[in-house]
Every structure is written in structure tokens, then in C-alpha cells.
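Descriptive structure summary
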Amino acid sequence: KVSITESEEYELVREDTVIATFSKAKMEEDRILFPLGLGVMLEVSKDGIKEIFTPEKAELCGLIASEGSLPSQRGHYRIFFHSADIELIKRFNELFEKVYGKVPNIYKGKGELIAGIANKEAYYDLKEIGAKTGPYRYHVPLEHLDKEGLRAYLRGFFSGDGSVAKHGK
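First things first, this report covers the structure right here in the doc. (Residues numbered from 1 in each chain as written. Predicted model: local features only at pLDDT ≥ 70, side-chain atom pairs only at ≥ 80, totals over all residues. Heavy atoms only, no water.)

**Describing the side chain of Glu59**
As for its position among the elements, Glu59 is in helix H1 (residues 55-67). A residue is classified by how much of its surface remains accessible, and Glu59, at 5% relative accessible area, is buried. The contacts of Glu59, once residues within four sequence positions are left out, are Arg91, Leu95, Ala152, Tyr153, Arg155 and Gly156. (Helix = DSSP H or I, 4+ residues; strand = E, 2+ residues; numbered from the N terminus. Buried < 20%, exposed > 50% of the residue type's maximum accessible area, 1.4 Å probe, protein only. Contact = heavy atoms within 4.5 Å.)

Here is the structure:
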């Protein structure tokens, strides 16, 4: 149950006990979304309560899975995204800023551009999600994706690493 107080706060209530209070909420036809931070929302629906990613975080995770890296070196918390396409690098930076509030730097690599940032909070968040678990290894966070999030994840993944083409006639 969700109730609205006189101070325009939203209370999440279970059995007459306030579980959480939120200052913002997005009401949709079949659910209510509460922002939690770091690109995560609390979804309350008839099916229950679960944490889902914003479309921005889902797309960012797709980009990292395709052409990103989270190199593990003691004391370094770096996140990289590689692409020859400056528009894709800019999109990565835009998404990263929306989710984590920081803008990665852009470097020139060998035949590609690299967006990179050292940020401990974002690094551990992305590691915990399993956004990139090793070379050519990643975890698709299906448990945190609604339909819109799944589309965003796939958009990010295929923008970074995929193509669909028809060869021949």
C-alpha cells in the first residue's frame, strides 16, 4: 500500500507499518516507481516489490558489456569504454553522468577513442551487477530489467558491439 502524506511525501506501508518514505514517485497504470539512486528504482506493483534499473543504467550496462572494461588492480577503480565512434563515446559519457553524476574523460587510443574514469562507487556498483566479469564475459542483469530496461540494455549492447546485416540477394 502506498499513501501520500500532507507534506507530499509518499509512504510505502505494509500492515500499517511505514517501511519507507520517498519525496518523489512516478505513477504508471500498473505500477509505482520510486527513485533509489545510482540508476535504480523501486518498483511496486500487484506482483510485488523489486529493484529495477532506469533505462539509462540498463543502456550503460549494455555498453560496458559490449566494449567496456573494469580492470582489477589493487587500489584502482577504473571504468573504460572503447569505440571508434565519437557519438557512442559521448552517449556513454551522457549515460554515466545521469547514473553516477560524473563525466568520464575521453582519450585517444590506437585506432579508437576511450572514455575512462576512476570512481570507486561506480566501479563497485558495476562489479556487483556483473556488468563486466572478464574479457568477453558479462552478466545480463535480467533480475533488474523491466521491458523498457531490457530494450535499453540491448540497445547499448548492440550499439557497442553488434550489427545486423543481410549479405547477398
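After presenting the structure, the write-up continues.
**Structural notes on the environment of Lys110**
As for its position among the elements, Lys110 is in the loop between strand E11 (105-108) and strand E12 (113-118). Along the sequence, Lys110 and Val99 sit 11 residues apart, while their C-alpha atoms lie 28 Å from each other.

**Observations regarding the pairing of strand E10 (residues 76-83)**
Across 2 bridges, the pairing between strand E8 (residues 68-69) and E10 is antiparallel. Along E10, the bridge assignment pairs Gly68 with Phe81. Summarising the sheet, strand E9 (residues 72-73) and E10 pair through 2 bridges and their orientation is antiparallel. Within the sheet, the bridge partner assigned to Ser72 lies in E10 and is Tyr77. Adjacent in sequence and paired antiparallel, E9 and E10 are bridged by 2 residues, among which Gly75 carries a positive phi angle near 80 degrees. (Pairing = 2+ DSSP bridges.)

**Description of the environment of Tyr123**
By the secondary structure assignment, Tyr123 is in helix H3 (residues 120-129). Sequence separation of Tyr123 and Pro71 is 52 residues, and the distance between their C-alpha atoms is 9.6 Å. Beyond its immediate stretch of four places on either side in the chain, Tyr123 contacts Leu70, Pro71, Ser72, His76, Tyr77, Arg78 and Ile79.

**As for the packing of aromatic side chains**
Going through the model one piece at a time under the given rule, you end up with 10 aromatic pairs. A centroid spacing of 5.3 Å and a plane angle of 50 degrees characterise the contact between Tyr138 and Phe157, whose relative ring orientation is tilted. With Tyr138 in the loop between H3 and helix H4 (147-161) and Phe157 in helix H4, this residue pair connects regions lying 19 residues apart in the sequence. Here Tyr138 falls in the partly exposed class, since its relative accessible area comes to 36%. Taken together, Phe81, Phe92, Phe96 and Tyr100 form an aromatic cluster joined through their ring pairs. Sitting over the ring of Phe53, Lys57 keeps its end group 5.0 Å from the ring centre. (Phe/Tyr/Trp six-rings, centres within 6.5 Å; stacked < 30°, edge-to-face > 60°. Lys NZ or Arg CZ within 6 Å of the ring centre and 35° of its normal.)

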